[in-house]
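# Residue-level structural notes
Okay, here's what each chain looks like letter by letter:
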Amino acid sequence: MRTATVLTLVSLTLLAIPLVAPTYYVTLMLPFMAYGVILLGLNLLFGYTGLVSFGHALFIGIGAYTGAVLTTRFGVRQMELILPAAMLAAAVVAAPVGALCVRYVKIYFGMLTLAFGMVFYTFLLKFYKLTGGDEGMRMLRPWLLGSEWAGFSKTAYLIGPYYYFSLAVLVLATLLMWRIVRSPFGLCLKTIRENQLKAESLGVSVPLYRWYAFMISAVYAAVGGALLATPTGNVDPTLAYWTHSGNIVFMVLLGGFSSFFGPLLGAFVFIFLQDTVMSVFPYWRLIFGAVLAFIVIFAPGGLMGLFARRRPVEVSRG
Amino acid sequence: MILEARGVRKLYGPYVALDGVSLSIREGEFVSIIGPNGAGKSTLINVLTGMLAPSAGSVRFKDKDIGGIGMVALTRLGMARSFQLVQIFPELTVLESLQAAVVSRLGGGARIFASLAGDRRIQEDALEVATLFNLADKAHVPARVLPQGDKKLLDVASAFALRPEIILLDEPTSGVSTADKHAIMEILVGAAKRIGLRAIIQVEHDMDIVFGYSDRIIALHQGKVLADAAPAQIEADAQVMDMVVGRRRAPQPPDPSPRVGERAG
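Nothing here was measured: the structure is a model prediction, and the numbers come from that model.

Moving on to the sheet that holds strand β10 (residues 224–229) of chain B. The pairing of strands in a sheet happens through backbone hydrogen bonds and is either parallel or antiparallel. Residue and element names in this part refer to chain B. Reading across from one edge, β6-β7-β8-β3-β9-β10 is the order of the six strands in this open sheet, with mixed pairing throughout. Single-partner strands in this sheet number two, and they are β6 (79–82) and β10. With direction set aside, neighbouring strand axes in the sheet form an average angle of 15°. Alignment of β6 against strand β7 (residues 166–170), held across four bridges, turns out to be parallel. Looking across to β7, one finds that S82 is bridged to L169. Lying on the sheet, helix α5 (residues 148–160) is in contact with β6 and β7; it crosses β6 at an angle near 175°.

Residue and element names in this part refer to chain B. The contact between helix α3 (residues 94–106) and α5 brings their axes to 8 Å, and the two run at 30°. In terms of axis orientation, α3 runs roughly parallel to α5. With respect to the hand of their crossing, α3 and α5 are arranged in right-handed fashion. Between α3 and α5, the residues in contact are V94, S97, L98 and A101 and L154, A157 and S158, respectively.

With 30 residues of chain B at the contact, the number on the chain A side is 21 residues. Classifying every residue of the side of chain B that touches chain A by side-chain character gives 17 nonpolar, eight polar and five charged.

Taking 1.5 Å of rise per residue, 14 residues should cover 20 Å, and helix α11 (residues 242–255) of chain A covers 20 Å from first to last C-alpha, within 8% of that figure. Taken from the residues just after α11(A), G256(A) is the one with a positive phi, measuring 115°.

About the criteria used
- Residues numbered from 1 in each chain as written.
- Chains lettered and ligands numbered in written order.
- Predicted model: local features only at pLDDT ≥ 70, side-chain atom pairs only at ≥ 80, totals over all residues.
- Pairing = 2+ DSSP bridges.
- Helix = DSSP H or I, 4+ residues; strand = E, 2+ residues; numbered from the N terminus.
- Axes fitted to C-alpha atoms, helices over the stretch in contact; angles between N-to-C directions.
- Contact = placed C-beta atoms within 7 Å.
- Parallel < 35°, antiparallel > 145°, perpendicular 65-115°, else oblique.
- Left-handed = near helix turned anticlockwise from the far one by under 90°.
- Nonpolar A, V, L, I, M, F, W, Y, C, P; charged D, E, K, R; others polar.
- Expected span 1.5 Å × (residues − 1).

Okay, structure coming up:
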């Protein structure tokens, strides 16, 4: 009941933000929503299946570059076509990469995903003709719902139609993921996280389910990547760089990987904290490093973990 | 004949863990495998459950060769196992742990968008097994907070939830207090009847449990079958009692507790 109330309030707030909040903060919400989609997928792998990927920016890169290539090279401007294309491209790459990676666990899985991420980063950097090298390439403003939104300035487009489009994608991605983690399939993933030997003895094919989870998370990352590219209007190889992979793992830890909504909270806090810290202190990574150390040591459940722990106390007081 | 091993050898480098083991498990039997440490019991269990491929010889389950086919495939064929060191899903509840087995049995793991909570068959099946194992009142408790005896029961119960035809229990009462051992065995044998298991194989050290529940005892020694006979005959064999049981066991009246072997049909 409490969750339902919070969700209703959050939804109403998200709908109202473009109407009431200053433009600057509305534009900050765009990367939040893109990362929200990415992290929902990453956490299916991390929080639910127990695999930490350090190369997931690979799939963000695939999504973003799919958007850029389609809009600039092929004249495909409809976001409704770009997103499925990004999902397909991610799935095509994730199928063999995942099939190889899921045979390994723990640090070996992480290292392999990192290695593939680096390979893709180098590809983006070196294949200048296709990718624009380190300068990257432009992502033209995509059409939404079949409309070019020609009368809108760039800002008006972003804080209007694009905001609501992103929100719709985030809501849809959240609802789908909500179903996935509560399905028989989701339960199988959790058994793998909890005890691989026991899961196998109950007939759960561990590599197969890990591969499914990897595929889904890659597709989510690509959708987020495509959403991420529009506000900046440009994609470059750093999107696929390993520090970006590290950032999204950090966001999940910040919000709390053992909670469904933790990663969304993590994305939100990360984006706004980064913005605030960067404006007053150029070495924001220093602050974020300290925050990460603090979370790992004192709040392994992340911000959501802090809420969850406090709740029973509140109840007993009431 | 449900399960049959013929001339199974298993070598680890120069070390011979199993040296020509032949055994067969028939319909309705409760068979105990005993033997001192290093006799090859764990290796035998791992070979019989398809986790290890034998170096020589064959293992056949329902007339299919299952040498090294792995637990997942074996589960599909109708064999389940529990573990000596208790294996549970710490953060999952009792009911979720059992649901996982039911999902696996019904082949529903690939249903990505289906609702687990809304699937009555999975819910009812899991609850039924929880009830059989006296775990229903703890259905929503995370497995990690259960007492040791209940963890052991949950490990076995989730194997039962697969509704296998045959089950291999690797020391079902190890690490449990003496008082709890018999309670666990009674629950287990009762559940076996209800579920219609065709046979139970256990590896067990506790001789009261072994002699109290088995239809047949297979004694292993240095990778070989030393004896394969009914409990009364084993008890009468001084050599086996010395080498395998390690002590002479005072003759006891036959245990009146229900057995799988007594099940009609």
